[in-house]
2 protein chains.
Amino acid sequence: MRVMGVDPGLTRCGLGVIDASSSRTVRLVAYRTASTPAGQTTDRRLLQIAEAVGQWIELYQPDAVAIERVFARRDVDTVAGTMQVSGVAMVEAARRGVEVALHTPTEVKAAVTGDGRAGKEQVSRMVMRLLRLEDKPRPADAADALALAICHAWRPLALSPLAEAATPAQKAWVEASRAATKRARQGWVTV
Amino acid sequence: MRVMGVDPGLTRCGLGVIDASSSRTVRLVAYRTASTPAGQTTDRRLLQIAEAVGQWIELYQPDAVAIERVFARRDVDTVAGTMQVSGVAMVEAARRGVEVALHTPTEVKAAVTGDGRAGKEQVSRMVMRLLRLEDKPRPADAADALALAICHAWRPLALSPLAEAATPAQKAWVEASRAATKRARQGWVTV
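Residues numbered from 1 in each chain as written. Chains lettered and ligands numbered in written order. Predicted model: local features only at pLDDT ≥ 70, side-chain atom pairs only at ≥ 80, totals over all residues. Heavy atoms only, no water.

### Observations regarding helix α1 (residues 42-60) of chain B
Alright, step 1. The end-to-end C-alpha separation of α1(B) is 27 Å, in line with the 27 Å expected for 19 residues at 1.5 Å each.
Alright, step 2. Once α1(B) ends, the next one or two residues include Gln61(B), with phi positive near 45°. (Helix = DSSP H or I, 4+ residues; strand = E, 2+ residues; numbered from the N terminus. Expected span 1.5 Å × (residues − 1).)

### Looking at the environment of Arg125(A)
Residues and elements named next belong to chain A.
Alright, step 1. Relative to the helices and strands, arginine 125 is located in helix α4 (residues 120-130).
Alright, step 2. For arginine 125, a relative accessible area of 37% corresponds to the partly exposed category.
Alright, step 3. With 16 residues separating them along the chain, arginine 125 and aspartate 141 place their C-alpha atoms 13 Å apart. (Buried < 20%, exposed > 50% of the residue type's maximum accessible area, 1.4 Å probe, protein only.)

### Here's the deal with the packing of aromatic side chains
Alright, step 1. Applying the stated criterion to the full structure yields two aromatic pairs over all chains.
Alright, step 2. With 4.9 Å between their ring centres and 70° between their planes, Trp56(B) and Tyr60(B) make a pair best called edge-to-face. Taken together, the residues span about one helical turn, with Trp56(B) and Tyr60(B) both in helix α1 at a distance of four residues. The same class applies to Trp56(B) and to Tyr60(B), which are both buried.
Alright, step 3. The ring centre of Trp154(A) lies 4.6 Å from the NZ or CZ of Arg24(A), which sits over that ring. (Phe/Tyr/Trp six-rings, centres within 6.5 Å; stacked < 30°, edge-to-face > 60°. Lys NZ or Arg CZ within 6 Å of the ring centre and 35° of its normal.)

### Some thoughts on the sheet that holds strand β3 (residues 26-35) of chain B
All names here are of chain B.
Alright, step 1. Sheet architecture is open: five strands sit in the order β3-β2-β1-β4-β5, paired in mixed fashion. In this open sheet, the two strands that pair with only one neighbour each are β3 and β5 (99-103). Each neighbouring strand pair of the sheet contributes to a mean axis angle of 20°, computed without reference to strand direction.
Alright, step 2. Looking at chain direction, strand β4 (residues 64-68) and β5 are connected through five bridges and run parallel. Directly across from glutamate 68, in β5, lies its bridge partner histidine 103. (Pairing = 2+ DSSP bridges. Axes fitted to C-alpha atoms, helices over the stretch in contact; angles between N-to-C directions.)

### Structural notes on the packing of helix α3 (residues 105-113) of chain A against α4(A)
All names here are of chain A.
Alright, step 1. One can describe the packing of α3 onto α4 by two numbers: an axis separation of 9 Å at closest approach and a directional angle of 50°. By the angle between their directions, the pair α3 and α4 is classed as oblique. As for the relative orientation of α3 and α4, their crossing is left-handed in sense. When α3 is examined against α4, the residues Lys109, Val112 and Thr113 are found in contact with a partner set consisting of Gln122, Val123, Met126, Val127 and Leu130.
Alright, step 2. Its residues placed into classes, the contact of α3 with α4 shows five nonpolar, two polar and one charged. (Parallel < 35°, antiparallel > 145°, perpendicular 65-115°, else oblique. Left-handed = near helix turned anticlockwise from the far one by under 90°. Contact = heavy atoms within 4.5 Å. Nonpolar A, V, L, I, M, F, W, Y, C, P; charged D, E, K, R; others polar.)

### Some details on the environment of Arg2(B)
Residue and element names in this part refer to chain B.
Alright, step 1. Examined against the element boundaries, arginine 2 turns out to sit in strand β1 (residues 2-7).
Alright, step 2. Each C-alpha atom, one on arginine 2 and one on serine 21, is 8.9 Å from the other, the two residues being 19 residues apart in sequence.
Alright, step 3. What arginine 2 contacts, discounting residues up to four positions off in sequence, is Val17, Ile18, Asp19, Arg27, Val29, Tyr60, Gln61, Pro62, Asp63 and Ala64.
Alright, step 4. Of the polar contacts made by the side chain of arginine 2, one reaches the backbone oxygen of tyrosine 60; its length is 3.1 Å. (Polar contact = N/O pair within 3.5 Å; in protein donor to acceptor, adjacent residues only side chain to side chain.)

In short, geometric facts, not functional conclusions.
In structure tokens, the structure reads:
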């Protein structure tokens, strides 16, 4: 299964593509960030990101696009751009008939490190280890996009009957996912 | 000058197209709402709205697309979808080389009614009167989209040397616009 992760951001949008085998092995395909200058108008910046996302979907033909679920109560100054980018990325995937999945930061951290409250550094380190890279993916937005992709690739397995054999990371993911669903039902999650 | 207004919303997105002459006369071209069912996934709903916006831009060839500026502190439950739709609409315009402008609800109300705190009913009534319609445009989202388009069409005049001859509504618009700019500098405006 091939998954493209998108860490939405107006200044830097992280993109990461991985292949995952049935044995839970993940392999790096590519990563990049789509950067847009603050001096440009928002519509031009969003268009550049839309084109970057669209081109990568066509180039790498992922089975699914995993996008960070943005919370409305996060940092108010950046949340608007982040939400707009997530919406734009969703449309680029939907337009090409590619499945879209949203994962919360907590789910992603739990899936990759086993700890839903892991720091950025720890996530980068685990992404490097899981993909057998010699260096941490830079910038951090790219590492986050790869973590999102890994989180999504591992999800079906974590929720399948094979869950008995799940790793601590996958068990933590299931718990984080359940907690997120509960919060969503309580009206906390807005995307 | 032809302007297309977009009142962003995931359930109902209002679209309204007007022609404005140099004498400040405005004429209705068309209006509609793009509705999407709550049962569908967000990416499919955003795609439907993107396609509706894109089709109308191609059909009516506006000189500018005026979109409501979304405030992060508005109703938290709906703001995410609204922001995503506004971002998607911006991309559809930018992709076709059409100018994008954002106007706050206060600016729009002031431009159309002379009162930045006017109610929805008052805005609908003024839109009907200004466009010489026999009935109020329904639903309200369509009326809001037309008000956005009128607000944008009248803007250059209100800010030009002709401002001396401006109507009370246009003077209120200038004041609301200045207040919005001030709030934006203070970090209140996030889009």
